[in-house]
Amino acid sequence: MDASSIYARLDDVTLSFGEHVILKNCSLDIVRGAITCIVGLSGAGKSTILRLLDGLIEPSSGHVYVDGHDLCHTPERKLVELRQKTSLAFQFAALLDSLTIGENVGLPLREHTALPDEKIRHIVDDALESVGLRHVYDSLPNELSGGMLKRAGFARAIVTRPELVLYDEPTTGLDPIVTNLITDTILRLRQKLDGTAVVISHDLHSIFRMADYVAMLFEGAIIAYGPREEIRTSTNPFVQQFLTGSEVGPIPV
Amino acid sequence: MRVLERFGAGTIAFLEYLGGIVSLIGESIRSLVHAQIRYAETFTQSYELGLGSLLIVLLTSLFTGMVISLESAQQAVQFGIGSLVGGAVTYTSVRELGPMLTAVVVAGRVGSAIAAEIGSMVVTEQIDALRSMGLSPVRFLVVPRLLALAIMLPLLTIFADIISIVGGMWIAQAYAHINPETFISSARQAVGFEDVVKGLVKALVFACIIAFVGCYQGLSTRGGAAGVGRATTSAVVISIILIFGTNFIMSYLLFGTH
């Protein structure tokens, strides 16, 4: 794979808090224009990878590159600039309680651009429309269901048309119908933005529907990575045990 | 050896806390210098934090003024110096109890609310969401609360001073038959405009303490709902201790050297 096709990269990243090692010599390439799904056991450090890619945390050692820029040891002011290119859709949406859905979605535009209010309203309406939530513009976050909150979080994540969207467990805790709806939304948003996405998920059905590439994280390191079909048919015993959900295998239960 | 370890860990924790607060103050000043102020949010916070505290500040100040008057009038009349009660009540209220009691009440009501609100935002990832959007939580949350308190606490202190003196005057008249003219005359002799201003300077410093401690405790919340509870309690306890300590130092510097 040539360098230009890689949009983001974890290069030999180790992250530890005290004696607790979360990632250990972890390397991962995020292919430009593709959806990369990261799977792994709960607590394996998957969400941490998203935070590293968004520049919210720094690794203890190694480097994190996004669109050719090294996020490590970068001053906060420069990081703010680089974060315009990426967007993180949080697991529980993390919308600001005190703002309406419309205000939440429009917040990055109001704070980072000099666009007039009518233009911002139009862009926000468009973002809400693309996740099927135009009718909740004036609602408060606590008036929405879990699935609607997640989709509102997606709308906020895409409103600035970022080049890389990071989805943290977008389908966790949702019923199968809403899970399908969320998966469709992610696929539709990728097409709309023509960008790159990284998705953390435990939902194998939705992973194999949307992923171009799949990476498996185990004990702080990527132990398998490749195109979706390659991972689905992998003979790696760790991957096999994870995909089949078997209690028997190299992954301790 | 274990004692030394604990002492070392305690010292490191204290220095970390101090560093965190200093960093928060620095970032807030930078936002203020660059005029990165969210005016609408500052107005909302002023209304909620200030006006919401008015009733409780008025009640505590009223009863404080009344009790000072009750105690001092009893003694003063006994020694034939009832005409000095107005001065005693006003002197104590304007220079010490007005600013300090108002700050303590506001620390309990507002400092805890700030820590709880920001702490909840930390545990629900709203602070991370702000940072992810390239927005500074300090500019977004801390600066409006700091400005709101810096405006509202001195105002509340003025109300507290007035109501405390009025309460004292009422008790002096009802209990020791000291007429209001005598009370006010004594008050004017005892306290000058300079004393009022110095009291308000104290209130301004206390406002900064409440805002920075509340916000810092909120922003450093860890561990879910229990963590929010701990942050809230710590915000109140630390603020009140700092208010009392700072009050002594400021009284010494402002009033004690002449």
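Everything here concerns the structure above.
Attention here is on the structure that accompanies the text.

Rules and cut-offs
Sequence order as written defines the numbering, with residues in each chain counted from 1. A letter from A marks each chain and a number from 1 marks each ligand, given out in the order of writing. With the structure being a predicted model, the display of local features is reserved for residues of pLDDT at least 70 and the display and counting of side-chain atom pairs for 80 or more, all residues being used for whole-chain, interface and lining totals. Processing note: side-chain calculations cover all non-hydrogen atoms of the structure and skip hydrogens and water entirely. In plain words, nonpolar cores are sets of buried Ala, Val, Leu, Ile, Met, Phe, Trp, Tyr and Cys residues tied together by side-chain atoms within 4.5 Å. When a residue's accessible area, from a 1.4 Å probe over protein chains only, is under 20% of the maximum for its type it is buried; when over 50% it is exposed; and in between it is partly exposed. Here a strand is any run of E in DSSP of at least two residues, a helix any run of H or I of at least four, and the numbering for each starts at the N terminus. Contacts are assigned to residue pairs that have any heavy atoms within 4.5 Å of one another. Only protein atoms enter the 1 Å grid, on which a cavity is a set of points fitting a 1.4 Å probe that cannot get out and a pocket is an open set with protein on both sides within 12 Å along at least 5 of 7 lines, lining residues being those with an atom within 4 Å of a point. Grid points are joined across faces, edges and corners, and a volume is the space filled by probe spheres set on the points. Gly is placed with the polar residues, together with every amino acid not listed as nonpolar (Ala, Val, Leu, Ile, Met, Phe, Trp, Tyr, Cys and Pro) or charged (Asp, Glu, Lys and Arg). By definition, two strands form a pair when at least two bridges between them are found by DSSP. Here is how to tell: hold the view so the strands point away, follow the path from the first strand over the helix to the second, and if it runs clockwise the crossover is right-handed. In summary, the pairing rule links any two rings of Phe, Tyr or Trp, Trp by its six-membered ring, whose centres are within 6.5 Å, and it sorts them by plane angle into stacked for under 30 degrees, edge-to-face for over 60 and tilted for everything else. For a lysine, the NZ atom is tested; for an arginine, the CZ atom; a charge sits over a ring if that atom is within 6 Å of the ring centre and within 35 degrees of the ring normal. Defined in terms of a 1.4 Å probe, buried area is the accessible area two parts forfeit on being brought together, summed over both. For this analysis, a salt bridge means a side-chain nitrogen from Lys or Arg found within 4 Å of a carboxyl oxygen belonging to Asp or Glu.

## So, the nonpolar core
Nonpolar side chains in soluble globular proteins generally cluster together in the buried interior.
Then step 1. Ranked by internal contacts, the top residues of the largest apolar core, which has 46 residues, are Ile101, Val105, Val124, Leu128, Phe154, Tyr167 and Ile186 of chain A.
Then step 2. Sort the elements by how many residues they give to this core and helix H5 (residues 146-158) of chain A lands first, with 6 residues.
Then step 3. Excluding its chain neighbours within four sequence positions, the residues that come into contact with valine 124 of chain A are Gly102, Val105, Gly106, Leu109, Tyr137 and Val159 of chain A.
Then step 4. Counting residues in hydrophobic clusters, the runner-up holds 45 residues, among them Ala103, Leu130, Ala148 and Phe212 of chain B.

## Some words on empty space enclosed by the protein
Then step 1. A complete count under the given rule lists 6 cavities of 30 Å³ or more for this structure.
Then step 2. In terms of lining, the largest cavity is formed by 16 residues, of which the most central are Thr86, Ser87 and Thr160 of chain A together with Ser132 and Met133 of chain B.
Then step 3. For the lining of the largest cavity, the secondary-structure elements that each account for two or more residues are strand S6 (86-89), helix H3 (101-112) and H5 of chain A together with helix H4 (126-132) of chain B.
Then step 4. Considering only residue class, the lining of the largest cavity consists of 6 nonpolar, 8 polar and 2 charged.
Then step 5. Surrounding the second largest cavity, Pro162, Val165, Tyr167, Leu189, Arg190, Leu193, Gly195, Thr196 and Ala197 of chain A form its lining.
Then step 6. Elements that contribute at least two residues to the lining of the second largest cavity include exactly strand S7 (164-168), helix H6 (176-193) and strand S8 (196-200) of chain A.
Then step 7. In terms of residue class, the lining of the second largest cavity is built from 6 nonpolar, 2 polar and 1 charged.

## With respect to the pairing of S7 of chain A
Residues and elements named next belong to chain A.
Then step 1. Counting buried residues along S7, 5 of its 5 residues qualify, which places the element largely inside the surrounding structure.
Then step 2. Covered by surrounding structure in S7 are Leu164, Leu166 and Asp168 together with Val165 and Tyr167, the residues of both alternating faces.
Then step 3. Here S6 pairs with S7 via 4 bridges, running parallel. Paired with alanine 89 across the strands is tyrosine 167, a residue of S7.
Then step 4. The pairing of S7 with S8 spans 5 bridges and is classified as parallel. Residue pairing in the sheet places tyrosine 167 in a bridge with valine 199 of S8.
Then step 5. Viewed along the sheet, the connection from S7 through H6 into S8 turns out right-handed.

## What to know about the packing of aromatic side chains
Then step 1. A complete count under the given rule lists 4 aromatic pairs over all chains for this structure.
Then step 2. On the numbers, 5.9 Å between centres and 10° between planes, the contact of tyrosine 213 of chain A with tyrosine 225 of chain A is stacked. Here tyrosine 225 of chain A lies in strand S10 (residues 221-227) and tyrosine 213 of chain A lies in strand S9 (residues 213-218), a separation of 12 residues in the sequence.
Then step 3. Here the aromatic rings of phenylalanine 218 of chain A and phenylalanine 238 of chain A are separated by 5.0 Å at their centres, their planes lie at 45°, and the arrangement is tilted. Of the two residues, phenylalanine 218 of chain A sits in strand S9 while phenylalanine 238 of chain A sits in helix H9 (residues 237-244), which places them 20 residues apart along the sequence.
Then step 4. Across from the ring centre of tyrosine 137 of chain A, 3.5 Å away, lies the NZ or CZ of arginine 121 of chain A, which sits over that ring.
Then step 5. A cation over an aromatic ring shows up here: arginine 95 of chain B above the ring of phenylalanine 255 of chain B, its NZ or CZ 4.0 Å from the ring centre.

## Quick notes on the layout of surface pockets
Then step 1. Looking at the second largest pocket, its volume works out to about 300 Å³.
Then step 2. Forming the walls of the second largest pocket are 19 residues, and the residues nearest its centre are Ser98 and Leu99 of chain A together with Glu41, Glu117 and Phe140 of chain B.
Then step 3. Contributions of two or more residues to the lining of the second largest pocket are made by H3 of chain A together with helix H2 (39-78), helix H3 (85-123) and helix H5 (137-176) of chain B.
Then step 4. With 4 residues, H2 of chain B is the largest single contributor of residues to the lining of the second largest pocket.
Then step 5. Along the lines of polarity and charge, the residues of the lining of the second largest pocket split into 6 nonpolar, 5 polar and 8 charged.

## Some points on the interface of chain B and chain A
Then step 1. Taken together, the contact between chain B and chain A spans 16 residues of the former and 21 residues of the latter.
Then step 2. Roughly 1,500 Å² is buried in total at the junction of chain B and chain A, and carbon and sulfur atoms are behind 51% of that figure.
Then step 3. When the buried area of chain B at its contact with chain A is split by residue, Arg131, Ser132 and Met133 of chain B rank highest and sum to 36% of it.
Then step 4. For the interface between chain B and chain A, the tally reads 3 salt bridges.
Then step 5. For the side of chain B that touches chain A, the secondary-structure elements that each account for two or more residues are H4 and H5 of chain B.
Then step 6. Counting residues per element, the side of chain B that touches chain A draws most heavily on H4 of chain B, at 6 residues.
Then step 7. Here the residues of the side of chain B that touches chain A sort into 6 nonpolar, 4 polar and 6 charged.

## What about the sheet that holds strand S5 (residues 69-70) of chain A?
Then step 1. With antiparallel pairing, 4 strands are arranged side by side in an open sheet as S2-S1-S4-S5 (chain A). In this open sheet, the two edge strands, each paired with only one partner strand, are strand S2 (20-31) and S5 of chain A.

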